[in-house]
Amino acid sequence: MADTLKEILLDSSRRPTVVTDLGELVDAEVSDKGGVSGAVVKTGFAAVKKIKPGIIPSAVDSLLDDFAGALEPFYGDFKANGGGDFGAYLTSRSDEASDALLSVTDSRADRSSRDSIKKVYSKLRPNGKKNVEEALPRLGQLIDKHAAAV
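Residues numbered from 1 in each chain as written. Predicted model: local features only at pLDDT ≥ 70, side-chain atom pairs only at ≥ 80, totals over all residues. Heavy atoms only, no water.

Peer 1: Mind showing me how you'd approach the nonpolar core here?
Peer 2: Inside soluble globular proteins, nonpolar side chains tend to come together where they are buried. Grouped together as the largest cluster of nonpolar side chains are 39 residues, with contacts concentrated most on L9, L90 and L139. Of all the secondary structure elements, the ones that give two or more residues to this core are α1 (5-9), α2 (15-32), α3 (35-51), α4 (55-80), α5 (86-92), α6 (94-111), α7 (115-124) and α8 (128-148). The residues contacting L9, other than those within four sequence positions of it, are R15, V18, L64, A68 and I143. (Core = buried A, V, L, I, M, F, W, Y, C linked by side-chain atoms within 4.5 Å. Buried < 20%, exposed > 50% of the residue type's maximum accessible area, 1.4 Å probe, protein only. Helix = DSSP H or I, 4+ residues; strand = E, 2+ residues; numbered from the N terminus. Contact = heavy atoms within 4.5 Å.)

Peer 1: What should I look at first to understand α2 in this one?
Peer 2: Turn by turn, an α-helix covers 3.6 residues, leaving residues three or four places apart pointing in a common direction. Along its 18 residues, α2 runs 25 Å from first to last C-alpha, staying within 8% of the 26 Å computed at 1.5 Å per residue. For α2, the complete set of buried residues consists of R15, V18, V19, D21, L22, G23, L25, E29 and V30. On the buried face of α2, the contacting elements are α1, α3, α4 and α8. (Expected span 1.5 Å × (residues − 1).)

Peer 1: For this particular structure, what's the right way to read α4?
Peer 2: Spanning 26 residues, α4 covers 36 Å between terminal C-alpha atoms, matching the ideal 38 Å at 1.5 Å per step. For α4, every residue scored as buried is listed here: I55, I56, V60, L63, L64, A68, A70, L71, F74, Y75 and F78. One or two steps after α4, the chain reaches G82, where phi turns positive at roughly 100 degrees.

Peer 1: Sorry, what's going on with the layout of surface pockets here?
Peer 2: A probe as big as a water molecule, rolled over the atoms, marks out the empty space that is left. Space inside the largest pocket adds up to approximately 1400 Å³. Surrounding the largest pocket, 43 residues form its lining, V26, L63, F67, T105 and Y121 being those nearest its centre. Contributions of two or more residues to the lining of the largest pocket are made by α2, α3, α4, α6, α7 and α8. It is α4 that contributes the most residues to the lining of the largest pocket, 11 residues altogether. Of the residues belonging to the lining of the largest pocket, the class tally is 29 nonpolar, eight polar and six charged. (1 Å grid on protein atoms, 1.4 Å probe; cavity = no way out; pocket = protein on both sides within 12 Å on 5 of 7 lines; lining within 4 Å. Points joined across faces, edges and corners; volume = space filled by probe spheres on them. Nonpolar A, V, L, I, M, F, W, Y, C, P; charged D, E, K, R; others polar.)

Structure below.
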């Protein structure tokens, strides 16, 4: 198993597969949303994809280095404490892990020059923490999958 998320996620030979898998994770998380808030997420997600087709894989790829950096302390602690199921580990620290990931997207949204992207992000952001927390088990499993392949 690799020692760092950089080794697992950012290696040029594996990165395209990681980006594809993360894009599928985003699609699955959005698809699983229900209720009124789920409808808002789905509508916002569809709007973003319509504004710029291919934006999800592109965004995942452009954010991947920062996401890996944000999660690196969690992964280091996880490994130092014996490893196991990284999804369960992230879930046990969901408040901190979701804040770390959202700091990346908040920063990126703030720097965006596209008002339409900023507008959609600002509508989705209030429920962002809950949505990210719900995605942590899948994210951890995806990282475990790629770590096992290293």
